[in-house]
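Take a look at the letters that make up each chain.
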Amino acid sequence: KLYPPQAEAIQKGLLDGRNILAAIPTASGKTLLAELAMLKAISKGGKALYIVPLRALASEKFERFREFSSIGLKDGGVRVGISTGDFESRDEWLGSNDIIVATSEKTDSLLRNSTSWMEEITTIVVDEVHLLDSANRGPTLEVTLTKLMKLNPGCQIIALSATIGNAYEVADWLGAGLVLSEWRPTDLREGVYYGGNINFRGS
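Residues numbered from 1 in each chain as written. Predicted model: local features only at pLDDT ≥ 70, side-chain atom pairs only at ≥ 80, totals over all residues. Heavy atoms only, no water.

Chemist: How should I be thinking about the packing of helix α2 (residues 30-43) against helix α3 (residues 55-65) in this particular structure?
Modeler: In helix packing, the relevant descriptors are the interaxial angle and the interaxial distance, both defined with respect to the helix axes. Where α2 contacts α3, the axes come no closer than 13 Å and their chain directions differ by 55°. Judged by the inter-axis angle, α2 sits oblique to α3. Crossing angle aside, the handedness with which α2 passes α3 is right-handed. Here T31, E35 and M38 of α2 lie close against α3, whose contacting residues are K61, R64 and F65. Per-class residue counts for the contact of α2 with α3 are two nonpolar, one polar and three charged. (Axes fitted to C-alpha atoms, helices over the stretch in contact; angles between N-to-C directions. Helix = DSSP H or I, 4+ residues; strand = E, 2+ residues; numbered from the N terminus. Parallel < 35°, antiparallel > 145°, perpendicular 65-115°, else oblique. Left-handed = near helix turned anticlockwise from the far one by under 90°. Contact = heavy atoms within 4.5 Å. Nonpolar A, V, L, I, M, F, W, Y, C, P; charged D, E, K, R; others polar.)

In structure tokens form, the structure reads like this:
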């Protein structure tokens, strides 16, 4: 059974190729939205790019997506590649993969080095999209997304964030349907741990 924000994203066109900005809490199912969109694209012969801010997160997602290798969407299964290193490398070999995981800096480098397979991308997932507002990473991410939208005007963009403050503006910029929710699968409770016990507020 889908979580309410996941169901809303599908109603707003996630599986129909529409851009989606999912501004929902941690553990509310953002990654599944990305996976559904990527696998739908791959089933139609597309290629997905999953952009993350950190190498550690790239490795985590790479290991997760490798589990799709046994899915019979295409001959040989779903192929997954990762690129986070040399910023002067074009990494043309990555083009044989169905899902490519890369940091925003590496994606920017691939674009600047005119990597040929970047034009084949049909689905772009931007994890932690709120970093557009970051003084350090924001400019690179914004320019990278702008270049990708110009290079692949028909591609689907899935933007994910648990903490974005200007969701309406970013959704408008991306031409995306907005899924804005505070729903959580588990209620958060505030408490103080002291003397071996947790004293919850209001109890």
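Chemist: Is there a simple way to think about the sheet that holds strand β1 (residues 20-23) in this case?
Modeler: Where strands meet in a sheet, backbone hydrogen bonds hold them as pairs that are either parallel or antiparallel. Strand order in this open sheet of seven strands is β3-β4-β2-β5-β6-β1-β7, and the pairing throughout is parallel. Single-partner strands in this sheet number two, and they are β3 (80-83) and β7 (177-180). Adjacent strand axes in the sheet meet at a mean angle of 15°, parallel and antiparallel pairs treated alike. Looking at chain direction, β1 and β7 are connected through four bridges and run parallel. Within the sheet, the bridge partner assigned to A22 lies in β7 and is V179. Of the strands in this sheet, β2 (48-52), β3 and β4 (99-103) are in contact with helix α4 (residues 104-112), which crosses β4 at around 110°. (Pairing = 2+ DSSP bridges.)

Chemist: Can you walk me through the pattern of salt bridges in this structure?
Modeler: One side chain can pair with another of opposite charge once the charged atoms of both are near each other. This model, assessed by the stated rule, comprises eleven salt bridges. Here E35 and R64 are joined by a salt bridge, their closest N and O atoms 2.7 Å apart. A residue pair is termed long-range when its members are at least 10 positions apart, and E35 in helix α2 and R64 in helix α3 qualify at 29 residues. Assessed through its relative accessible area of 32%, R64 is described here as partly exposed. A network of salt bridges, in which partner residues are shared, links E35, R64 and E67. (Salt bridge = Lys/Arg side-chain N within 4 Å of Asp/Glu carboxyl O. Buried < 20%, exposed > 50% of the residue type's maximum accessible area, 1.4 Å probe, protein only.)

Chemist: Just to check I follow, could you spell out the pairing of β1 for this structure?
Modeler: Regular strands show a simple pattern: their side chains alternate between the two faces of the sheet. In β1, alternate side chains face the same way, and those of I20 and A22 on one face and L21 and A23 on the other are all buried. The pairing of β1 with strand β6 (residues 156-161) spans four bridges and is parallel. Bridge pairing in β6 places A23 opposite S161.

Chemist: Is there a simple way to think about the nonpolar core in this case?
Modeler: Inside soluble globular proteins, nonpolar side chains tend to come together where they are buried. Core analysis: the biggest nonpolar cluster contains 29 residues, and L21, L49 and I124 have the highest contact counts within it. Mapped onto this core, the elements with two or more residues apiece are β1, β2, β4, α4, β5 (123-126), α5 (138-151), β6 and α6 (167-174). Residue contributions to this core peak at four residues, all from α6. Setting aside anything within four residues of it in sequence, one finds I124 in contact with L49, I51, L148, C155, Q156, I157 and I158. Of all hydrophobic cores here, the second largest spans 27 residues; its members include Y50, L57, A58 and V78. (Core = buried A, V, L, I, M, F, W, Y, C linked by side-chain atoms within 4.5 Å.)

Chemist: Whenever I open this one, the pairing of β5 confuses me. Can you help?
Modeler: Residue alternation in β5 divides its side chains into two sets, T123 and V125 and I124 and V126, and both sets are buried. Bridge analysis of β2 against β5 gives four bridges, and the strand direction is parallel. Looking across to β5, one finds that I51 is bridged to V126. Inspection of the sheet shows β5 paired to β6 by four bridges, in the parallel sense. Each residue of the ladder has a partner; that of V125, found in β6, is I158. In this region the chain leaves β5, passes through α5 and returns to the parallel neighbour β6; the handedness of that crossover is right-handed. (Right-handed = clockwise from strand over helix to strand, strands pointing away.)

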